[in-house]
Amino acid sequence: MHPTDAELMRDAGRGDEAACRELVDRHAPNLYRLAYSLVNNACDAEDVLQETFAGAFGQAGRFQERSAVKTWLSQILVRQAAKCHRSRKRHSMTHLDWASESTRWRPVGKPPGCAQTQSDTRVDVLAVLQTLPPAHREIVVLREMQGMSYEEIAAVLEVPCGTVESRLFRARLELKERLKDYLP
Amino acid sequence: MHNACKHTWRVSAYHDGELPPQARIDFEAHLRECADCARELKRLRKISELLRGAPIPDLPAQVLAQTRECISVARDYSVFKMARILTAAAAAILVVCGGWLWDISGESYMPLQASGWEQAAVQLRVETSTGDFQQIAQWIVEDLSMENGND
């Protein structure tokens, strides 16, 4: 019988490297997709993923099983991704050779009616996500790309379910405004 | 993009399947009659479609291997982090103490301002050291006679 995530995390807290490896194998693929959706960049997504596991195993002894391991890891990852965004912003402000924010995140696809491929639109969506405020980007990614319920999102973001609903509503308002050329 | 219907805000929760069963049934009835909410629902579905179709790459095998390798490093992560905090704290203490010592050493070169009675005492000692020995002898005798009187 396979050990549960919580049992593995308990063993990881005692320094069991096999348990750590098993947790990486189970959760890394999904966490990588979450990281990529949040930072839209393979290199940063790798860093965020590794920082997440480093942080989780560094304090595995403190895991209190109040939430699922997946939720706890997602929570750490969302924080790491926010940190990555902040440092990227600082970096872009101190390096003039970077393109300006508006140029970097400008949608590259064409509005409906012009010759447009499906991949153009997909690139736009990931780029548009990066223009949302962090709290809105996180909630959209957790709901739309991770398929989490409001309750799971509330646990990851440590906010009440009502806040999830209202924040998601506002985030979608912004998204609609940015994607209006692609919507019915 | 603005909708007139006051129930539009519920479309989001309906779309996510987060409305309670009865509220869901009621809202479906509303949707059949409200063009604004029906259009809003179509937009949300399109946004979901776009987001779910976003090209998110799978975790490369090489990155998975690197992440597994990080575990042994990760075990030392908290120790390393603590070491960094302690180093920063030690540096801060060093700077503060350095500043404090600098202040103290600076103060030692400043001339001391003696109080009035100390200056008077010093002057008196100078006077007596060069003064009249007879006068001193007289003070001693007076002193002794006073002590004897007290006894």
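Residues numbered from 1 in each chain as written. Chains lettered and ligands numbered in written order. Predicted model: local features only at pLDDT ≥ 70, side-chain atom pairs only at ≥ 80, totals over all residues.

This next bit is on the overall build of chain A. Tallying secondary structure elements over chain A gives nine helices and zero strands in all. Listed by position from the N terminus, the elements making up chain A come as α-α-α-α-α-α-α-α-α. (Helix = DSSP H or I, 4+ residues; strand = E, 2+ residues; numbered from the N terminus.)

Within chain B one finds seven helices and zero strands. Going from the N terminus to the C terminus, chain B shows its helices and strands as α-α-α-α-α-α-α.

Next up on the list: the packing of helix α8 (residues 150-157) of chain A against helix α9 (residues 161-178) of chain A. Residue and element names in this part refer to chain A. In the contact formed by α8 and α9, the axes pass within 8 Å of each other and the chain directions differ by 100°. Considered as vectors, α8 and α9 are oriented roughly perpendicular to each other. Contacts between α8 and α9 involve Y150, E151, I153 and A154 from the first element and C161, V164 and E165 from the second. (Axes fitted to C-alpha atoms, helices over the stretch in contact; angles between N-to-C directions. Parallel < 35°, antiparallel > 145°, perpendicular 65-115°, else oblique. Contact = placed C-beta atoms within 7 Å.)

Across soluble globular proteins, nonpolar side chains have a tendency to be buried as a group. All names here are of chain A. If you look at the biggest cluster of nonpolar residues, it comprises 59 residues, and the most contacted ones within it are A12, L31, A35, L49, F57 and L77. Per element, the largest residue contribution to this core is 12 residues, and it comes from helix α2 (residues 17-39). Split by domain, this core shows at least three residues from each of two domains, domain 1 (1-94) and domain 2 (108-184). Those residues in contact with A35, other than ones at most four positions away along the chain, are A45, V48, L49, L77 and A81. (Core = buried A, V, L, I, M, F, W, Y, C linked by C-beta atoms within 7 Å. Buried ≥ 20, exposed ≤ 12 C-beta atoms within 10 Å, placed from the backbone. Domains from an automatic or database assignment.)

Take the interface of chain B and chain A next. Of the residues lining the interface, 35 residues belong to chain B; the matching set on chain A comes to 40 residues. Elements that contribute at least two residues to the side of chain B that touches chain A include exactly α1 (9-15), α3 (35-52), α4 (61-75) and α5 (77-108) of chain B. With 10 residues, the single largest contributor to the side of chain B that touches chain A is α4(B). In terms of residue class, the side of chain B that touches chain A is built from 19 nonpolar, six polar and 10 charged. (Nonpolar A, V, L, I, M, F, W, Y, C, P; charged D, E, K, R; others polar.)

So, on to the confidence of the model for chain B. Residues and elements named next belong to chain B. On average, residues of chain B score 79 in pLDDT, and 70% of them are at 70 or above. In the model of chain B, helix α6 (residues 116-130) stands out as the element of lowest mean pLDDT, 57, in contrast to helix α2 (residues 21-33), which has the highest, 95. Taken together, the chains of this predicted complex give a pTM of 0.68 and an interface ipTM of 0.77. (pLDDT = per-residue confidence, 0-100.)

Right, let's talk about α2(A) for a bit. Residue and element names in this part refer to chain A. For α2, which comprises 23 residues, the first-to-last C-alpha distance of 29 Å sits more than 12% below the rise-based estimate of 33 Å (1.5 Å per residue). Where α2 bends most, at H27, the angle is about 50°, and the proline P29 comes one to four residues later. N40 sits one or two residues past α2 and shows a positive phi near 55°. (Expected span 1.5 Å × (residues − 1). Bend = angle between axes of the 7 residues up to and from the residue.)

Glancing now at unusual backbone geometry. All names here are of chain A. Phi at N40 takes a positive value of approximately 55°, unusual for a residue other than glycine. Classification of N40 by C-beta neighbours within 10 Å gives partly exposed; the count is 18. One non-glycine residue, E158, lies in the positive phi region at around 55°. Inspection of the secondary structure puts E158 in the loop between α8 and α9. Accessibility expressed as a C-beta count within 10 Å gives 10 for E158, which makes it exposed.

Glancing now at the environment of P29(A). Residues and elements named next belong to chain A. Tracing the backbone shows P29 in helix α2. A residue is classified by how many C-beta atoms lie within 10 Å of it, and P29, with 13 of them, is partly exposed. In this structure the C-alpha to C-alpha distance between P29 and L49, which are 20 residues apart in sequence, comes to 9.6 Å.

Quick look at the packing of α9(A) against α3(B) now. Where α9(A) contacts α3(B), the axes come no closer than 11 Å and their chain directions differ by 80°. Taken together, α9(A) and α3(B) sit at an angle that is classed as roughly perpendicular. Taking contact as the criterion, the partners of R172(A), L175(A) and K176(A) in α9(A) are, on α3(B), R43(B), L44(B) and I47(B). Among the residues forming the contact of α9(A) with α3(B), the class breakdown is three nonpolar, no polar and three charged.

Moving on to the confidence of the model for chain A. Per-residue pLDDT for chain A has a mean of 82; in total, 83% of the residues score no lower than 70. Counting interchain partners and residues more than four positions distant, the pLDDT-below-50 stretch residues 95-122 of chain A has 28 contacts.

Time to look at helix α7 (residues 134-145) of chain A. Residue and element names in this part refer to chain A. A rise of 1.5 Å per residue sets the reference length of α7, with its 12 residues, at 16 Å; its end C-alpha atoms lie 15 Å apart and thus fit the reference within 8%. Listed in full, the buried residues belonging to α7 are R137, E138, I139, V140, V141, L142, R143, E144 and M145. Taken from the residues just after α7, G147 is the one with a positive phi, measuring 65°.

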